[in-house]
Structures are given as C-alpha cells and as structure tokens.
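So the chains spell out like this:
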Amino acid sequence: MPGLTLVHRTDAPVDTGSVRASLATTQSTDASPDLSHDLLYTSRHTVLAVSYYSKYPWRCIETERFQIVLEGHIYNLESPADESLTEVADQIFRRSSSQSYLSSWLPTVDGEFVLWIRSRESGRMVLLNDVLGRLPLYAHTGCSPLGETVVSRSVQTVAHWIEAHRPDRQAMAETLLFGYPLSSRTLFEGIRCVAPATAILPCDHTVTSVMDPLQRSRSSLQRTLNANAHLLSDRFRRACERRAAVGERSILGLSGGLDSRAVLAGLYRSSGADSLHAATFVRSDGSDTEDATYAESLAGLFEVPWSFFPITSPSVDFQETLLKMKGGLNGLEYSFMVDFLRRVRLQFGPDAILFTGDGGDKTIPDLRPAFPLSDAATFLDHVLRRQGQMPLKTAAAVVGIRKTDLAEAILSRVTTYTASTWEDRYAEFVLRERSLSGFFEGEDRNRHFLWHTAPFYAWPVVSLSLKIPPSQKSHDRLYNSFLQALAPETCSVPRSNRASAKPGSIPYRLIVRGRRMMHRFPRLHDRLRILLGQHEPTRVDSALASRIRVHTNDISGIGACLSASAIKQVLSGERPSTRRGVYSLLTLTSFLKTCISR
C-alpha cells in the first residue's frame, strides 16, 4: 500500500533492514508496478518510511526547527504551503495542549492526508490524520515489552512487523454479517484502524482523539430547503475545483446514478471539459448496462470524452491481488475493480486523479429508517435486514461464537454513538460503519493504482450536511434541489434503477415515496423484491463454493478460527446466506490461508 509507515521503540533499537522487509509485503506488481520504498527519517529508536509510485502525492519539508512529511493533499492550504504547515507545527509543539489547537485547526481543513511532524529541538513527534480519516491508518501501540508503536497505511506491514498471526474472531463475524468489521477492528488481532481526527504521539505511546467528526450538530432550522441546497452546491463545486487543481487530468468514474452525475456537473462547472474524462465499466454479467447507457448520455450532455470498459469475470489472480493490497478489508467480491483500475491507469497514467461519487448517498439523503425503532431488538433486526448479508445465527455458527454474544457486541458498539434515538443511531451506523469502516477501504484500494478522491466527503460538504434537518433530506427533496442548484441539466437524464424516471420529475417522486412507504413494511418489501427479481441471490455459485472448500481443506488450523461443518452447511444451502455473504466467506478463508500458513 502506498503511504507512510512509522516504527518507534522506547526500549530497543529499530533495525532498518527489518523495516524494509515489512514494507516489501506491500509490493504488488499488478497494482503498482513501480512501487518504491524510502526511509525518510532514521534514528536509533525511530524509522519513518514512505511507499510510493510515480506521482503518488507526498512531500517532505525541512526547516531549522521541524521535519514535516505530508501524505495526500490539503486542498485549502494557504500559499506558500510550506509556511502554512510550518506554522501548524509551531502551534502544535509550542502550546501546552496540542489537542486544543488541533481541535480548532482540523475543522478548517479540507483534505485527505496523513501528517507527520518532528521537532528537532525536543525530538517529539506527532502523526495526525484528517478529520474523516480518509486515508486508513493501522496501528499497534505500546503493548509490547519493547515499548513499541507501529503505524502504517498498510495493515500487512504492521502485521508483518509484529508477527501477527492470530485473526480477530469478532471482526470475522462482523465481516460475514456486513462485509466489513465494525469500529476500529481489522482481521488481525491486536491491530486497529486509527479513528478519524486522531493524533498519535509515538514517544508517549498515546493515541488521542482530537474530535468526533460525526457528533450531532444543531440543525440549520433557520435556513430554507432552497437556501441549504444552494449553499451545499457552492461548497460542493468548490470541493471539486480544489481537487481538480492538484492534477493535470481528472478521470470520473461515471454511472447512471445521482452521485457521479453531481461530480460530473461540479467538475465541469469548476474546470470545464478540457482536462476531464469520464469512464464507465460494465461487468461480464451485464448488470451495469443501464448505467453505461445513462453515463454515456450524461457525458454527451456536458461534451466530456467518455470511455467504456467491459470488465472480465473476477479471476483468481485479481482476487489474490486485492487480498494482498487490503489484507481482507476490501471483500473479494470487488476484485473485478482490479481489472478496471489497472486499465484506467494504463490508459491515463498514474498522474491522473480518479473522481467518484462515493458518499453522495450518505451525505445528502435522510438515512433514518422509514418507521420508528422502539428498542435495541428492533434496531438490531432492522440493521441486519437493511445492512446485513448473512443471518446473525449463520455468522455466529461459522465463526464459532454464541449468537447472543455477537448481538451484544454490535449493540455495545452502537450505544457509544452520539445519537440518542434508535432511528438516529441507525443513520449514524450507516455513516460510521458502512462508510468510514467499510467503503473507505474500497476507495483506498483505488489508491494503489492512482490518486482517488470523492468531493462528497470534503469536510466543508459533510459538516454542512450534518446540520441540515432530516425533514429537508427526506424523499430526495434536498438532493433534487441540490442538483437543480448545481446544474439543472443533470436532471434531464433518467436515473438508473428508477424505472427510467428523471430526477425531480413527478414519476420519480412517486417512485421515491413508494419505495419509502414499502420500507415501512419490511416483510412485504422483501416479498416484493423477490417477485421483481431485485433481491440478493441466495443460490451459491458452484465455482465460488469450490474455491471455499479448497481453502477450508488447505487450512490445517481452521477449527481454531472457523467451523468447517458450518461452512459446509452454508455452501450446501442448509444455512441461509446471500451471495455477498458467501463472497465474504471466500474473503475470510483466503485471508486465513495466507495468515495462518505464514
């Protein structure tokens, strides 16, 4: 994985050769054929390194007082940028409480970054990520007799360094349930994903939360829907402009949905079509054909060049590449993206910036359920029905833990949220878990090939969205007004999966309201989806099942991690699961085969 790695030991030296060996675990010639590793700072007890390919964004700043390394981009730094970051470093180390300064500085920053700063005078260091944690970081902190802190953008690098071979069973169960572990868990026991807006002080072995970006804010009741939509479109357009400015060409992953067409309009309005190119893929099963049709129409509407990429069926090679890149944190169901990303990189080069509409379906709509959730049991049933991919009983049996323990762990996590009602906790679950813990890993997969960004996750956009009342977001009211304020012509092309209805039209509004109404009756909604052929397939693909059986037979110690008999029941259909759930089972068995056999 491209990015920074920091190893610090208080009570023992750090061997640079061992650091290089751990960095080599990130090597993937298929994803980043020119991936290199440099040691940026070395001392007896500390090594800071960077893994990068040509054009991957990182920079060093050396002054008399500080050493500064920035991975990624801070898009709104005042010019000159070096002086701005030096001032930040000065404030951090000059103040008695760096947390108070960072809690006021971070919310003013629009960026996707990891920042390392070292004071030459005191030798103290700080490692800081952005307010949403857009670049996933993984850490093992202060648990060893050596007083060790290891932080890296690659979970495999951390695992190799600390010789982590034990999988996290709770994380595996949650991966089966949702496709990703909840909270800060990874599939490696003892390795955690660093929370957003976190400062790590290696010399003290402390990990400090600077702020909670998703803490509930007072809604902007004083502004009308139209006023909020215009303000949101202004911030979004500015986010597109800032991100396009750091690269020579912008490549937009364009579909027929609302989110990517909004990015298309935002980029076009900010920088025009000269440096913009749209790209759309269609999988081998043809499931994206409608998306491609509407994407081509949208690109033509803005006179933006458009490329079509037919994607082959996911191969074992693609799956192994994805597993090596993300250590099981991006499900092998998405291995087809390796083909798409590799071809985009080959056609446009590693200096292109890949834009997507990720986050639009999380920041703009009302994420609350369509009906009240009265208690914890109702919440759990709803979150498993809407976000789950495998029954709780099945996941617990496969991992070999009690169903009640698994349920209690999920509810224990949810009750730490800032929201107080179960409806708001569900919306927070979608943001915290599905986006920050799940989808951010998918975006990071893309960065193995070329820089990826998503303007909907720009903090100025997210922070405003959190303040807009849910009543204005419901039934796509805010989204329709937002598109009208951004570029009305985007509504002239139908939205895919909406019966060819144009956004904002009367048929579209009726469809949205009808679907919302159906969600109030979950069992009826599920039956209707089955009748319409829109439900998640439950039949297990024979080739997929065969690969899982091979892995199960090859893993000598599988009984300590997964139940072979329960896996057999899932593959035979005796225990229910969706296709996505079975793919997560493939991800776990592939991970264990690699993890246990090392």
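Structure's up top.
Attention in this report is confined to the structure presented alongside it. Being a predicted model, the structure only gives us computed values, none of them experimental.

Here is what the cut-offs are and how they apply
- Residues numbered from 1 in each chain as written.
- Predicted model: local features only at pLDDT ≥ 70, side-chain atom pairs only at ≥ 80, totals over all residues.
- Heavy atoms only, no water.
- Helix = DSSP H or I, 4+ residues; strand = E, 2+ residues; numbered from the N terminus.
- Rg over C-alpha atoms; globule rule 2.2 N^0.38 Å.
- Buried < 20%, exposed > 50% of the residue type's maximum accessible area, 1.4 Å probe, protein only.
- Contact = heavy atoms within 4.5 Å.
- Areas by Shrake-Rupley, 256 points an atom, 1.4 Å probe, with all protein chains shown as cover.
- Phe/Tyr/Trp six-rings, centres within 6.5 Å; stacked < 30°, edge-to-face > 60°.
- Lys NZ or Arg CZ within 6 Å of the ring centre and 35° of its normal.
- Salt bridge = Lys/Arg side-chain N within 4 Å of Asp/Glu carboxyl O.
- Pairing = 2+ DSSP bridges.
- Axes fitted to C-alpha atoms, helices over the stretch in contact; angles between N-to-C directions.
- Core = buried A, V, L, I, M, F, W, Y, C linked by side-chain atoms within 4.5 Å.
- Disulfide = S-S within 2.5 Å.

**With respect to the overall build of the protein**
- Within the protein, the regular secondary structure consists of 23 helices and 17 strands.
- The C-alpha radius of gyration computed for the protein amounts to 24 Å, which stays within 12% of the reference 25 Å derived for 598 residues, consistent with globular compactness.
- Here the protein holds 598 residues, and 57% of them are scored as buried.
- Considering only residue pairs separated by 6 or more positions, the protein has 73% of its internal contacts joining residues 24 or more positions apart.
- For the protein, the accessible area works out to roughly 23,700 Å², and carbon and sulfur atoms hold 49% of it.

**Things to note about the packing of aromatic side chains**
- Counting across every chain of the model gives 21 aromatic pairs.
- Between the aromatic rings of Y52 and W58, the centroid separation amounts to 5.2 Å while the plane-to-plane angle is 50°, which identifies the pairing as tilted.
- On the basis of an interplanar angle of 40° and a centroid distance of 4.5 Å, the ring pair of F236 and F456 is categorised as tilted. Of the two residues, F236 sits in helix 6 (residues 225-244) while F456 sits in the loop between strand 17 (451-453) and helix 16 (459-465), which places them 220 residues apart along the sequence. Across the pair, exposure class does not vary: F236 and F456 are buried alike.
- Among the aromatic side chains, those forming a connected cluster through ring pairs are F236, F456, Y479 and F482.
- Here the basic side chain of R134 rests over the ring of F440, its NZ or CZ set 4.6 Å away from the ring centre.

**Concerning the pattern of salt bridges**
- The tally for this structure, following the rule as stated, stands at 34 salt bridges.
- A salt bridge links D212 to R432; its shortest N-O distance comes to 2.7 Å. Highlighted residues: D212 in the loop between strand 12 (206-209) and helix 6 and R432 in helix 15 (residues 422-446), separated in sequence by 220 residues.
- Overlapping salt bridges, with partners in common, bring together E71, R153, K326, E441, D444 and R447 in one network.

**Re the sheet that holds strand 8 (residues 138-141)**
- Pairing within the open sheet is antiparallel, and its six strands lie in the order 2-3-1-9-8-10. Looking at the sheet topology across the chains shown, the edges are occupied by strand 2 (36-42) and strand 10 (192-193).
- Bridge analysis of strand 8 against strand 10 gives two bridges, and the strand direction is antiparallel. Bridging from a neighbouring strand, A139 pairs with R192 of strand 10.
- Packing against the sheet, helix 1 (residues 16-23) makes contact with strand 1 (3-9), strand 2 and strand 3 (46-52), and its axis sits at approximately 145° to strand 2.

**Points about the pairing of strand 9 (residues 148-152)**
- Within strand 9, five of the five residues are buried, which leaves it mostly tucked inside the rest of the structure.
- Note: strand 1 against strand 9, five bridges, orientation antiparallel. Residue pairing for strand 9: T5 is matched across the bridge by S152.
- Across four bridges, the pairing between strand 8 and strand 9 is antiparallel. Along strand 9, the bridge assignment pairs A139 with V151.

**A closer look at helix 13 (residues 392-399)**
- Buried residues dominate helix 13, accounting for six of its eight residues.
- All buried positions along helix 13 are accounted for by L392, T394, A395, A396, V398 and V399.
- One or two steps after helix 13, the chain reaches G400, where phi turns positive at roughly 80°.

**Digging into the pairing of strand 2**
- Taken together, the six bridges between strand 2 and strand 3 define a ladder with antiparallel strand orientation. When the sheet's bridge partners are listed, D38 is paired in strand 3 with V50.

**Quick notes on unusual backbone geometry**
- A positive phi angle, close to 55°, is found at H205, a residue other than glycine.
- The topology assignment puts H205 in the loop between strand 11 (198-201) and strand 12.
- Notably, E303 is not glycine yet its phi reads approximately 55°, a positive angle.
- You can see E303 is positioned in the loop between helix 8 (289-301) and strand 15 (306-310).

**Focus on the sheet that holds strand 13 (residues 250-253)**
- The strand order across the open sheet built from five strands is 15-14-13-16-17, with neighbouring strands paired in parallel fashion. Across the chains shown, the open sheet's two edge strands, defined by having one partner strand only, are strand 15 and strand 17. Taken pair by pair, the neighbouring strands of this sheet meet at an average axis angle of 30°, ignoring direction.
- In this sheet, strand 17 lies alongside strand 16 (residues 353-355) in parallel orientation, the contact comprising three bridges. Its bridge partner being in strand 17, F355 is matched across the sheet by T453.
- Packed on one face of the sheet, helix 7 (residues 258-271) meets strand 13, strand 14 (276-282) and strand 16 and runs near 160° to strand 13.

**Some points on the nonpolar core**
- Ranked by size, the top nonpolar core spans 189 residues in total, and within it W105, F236, F482 and L562 carry the most contacts.
- Those residues in contact with F236 that sit more than four places away from it in its chain are A262, V263, G266, P455, F456, V461, F482 and L486.

**Examining the state of the cysteines**
- According to the stated counting rule, one finds zero disulfides in the structure shown.
- The structure places no disulfide on C60, whose sulfur is separated from the nearest cysteine sulfur, that of C203, by 18 Å.

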